[in-house]
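# Architecture at a glance
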Amino acid sequence: MNATTLSEDWEFRGFSQTLQGCIMGGVHLLGRDQIHVGKGCKIYPCVVIDAEAGPVVLEEGVTVMPHSFI
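Since this is a predicted model, take the numbers as computed values, not measurements.

This part takes up the nonpolar core. Counting twelve residues, the largest nonpolar core is built from V27, L29, I35, V37, C41, I43, V47, I49, A51, V56, L58 and V64. Looking at this core, the elements with two or more residues in it are strand 4 (35-37) and strand 7 (56-58). Setting aside residues up to four positions removed in sequence, A51 forms contacts with L30, G31, Q34, I35 and V56.

The three strands lie next to each other as 2-5-8, forming an open sheet whose pairing is parallel. Of all the strands in the sheet, just strand 2 (22-23) and strand 8 (63-64) have a single pairing partner and so form its edges.

Position of Q17 among the secondary structure elements: in the loop between helix 1 (2-12) and strand 1 (18-19). Along the primary structure Q17 and D33 are separated by 16 residues, whereas in three dimensions their C-alpha atoms are 5.0 Å apart. Not counting chain neighbours up to four residues away, the residues in contact with Q17 comprise W10, R32, D33 and I35.

We now examine the sheet that holds strand 7. The parallel open sheet is built from three strands, whose spatial order is 1-4-7. A strand with exactly one partner marks an edge of an open sheet, and here the two such strands are strand 1 and strand 7. Sheet topology note: the strand 1/strand 4 ladder contains two bridges and is parallel. Bridging from a neighbouring strand, L19 pairs with V37 of strand 4.

Within the chain, C46 stands out as a residue other than glycine whose phi angle is a positive 70°. Summarising the element assignment, C46 is placed in the loop between strand 5 (42-43) and strand 6 (48-50). Phi is positive for H67, close to 65°, though the residue is something other than glycine. Checked against the element boundaries, H67 lands in the segment after strand 8.

Conventions used here
Residues numbered from 1 in each chain as written. Predicted model: local features only at pLDDT ≥ 70, side-chain atom pairs only at ≥ 80, totals over all residues. Heavy atoms only, no water. Core = buried A, V, L, I, M, F, W, Y, C linked by side-chain atoms within 4.5 Å. Buried < 20%, exposed > 50% of the residue type's maximum accessible area, 1.4 Å probe, protein only. Helix = DSSP H or I, 4+ residues; strand = E, 2+ residues; numbered from the N terminus. Contact = heavy atoms within 4.5 Å. Pairing = 2+ DSSP bridges.

This is the structure:
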């Protein structure tokens, strides 16, 4: 049910593909059209964000450290 709930929340809250904040070189975004990165976020190198099976939302001020997979 998690994938369904995430998709419904994406639509209900009106998220769109938005890449704000600081996304450093060496970050890999899979399914970019379903990734929302809010203002003030910092995403460090060697991070993979995979939205191929559903949306990923990183709201304002999130920090993702190196070698993370979301």
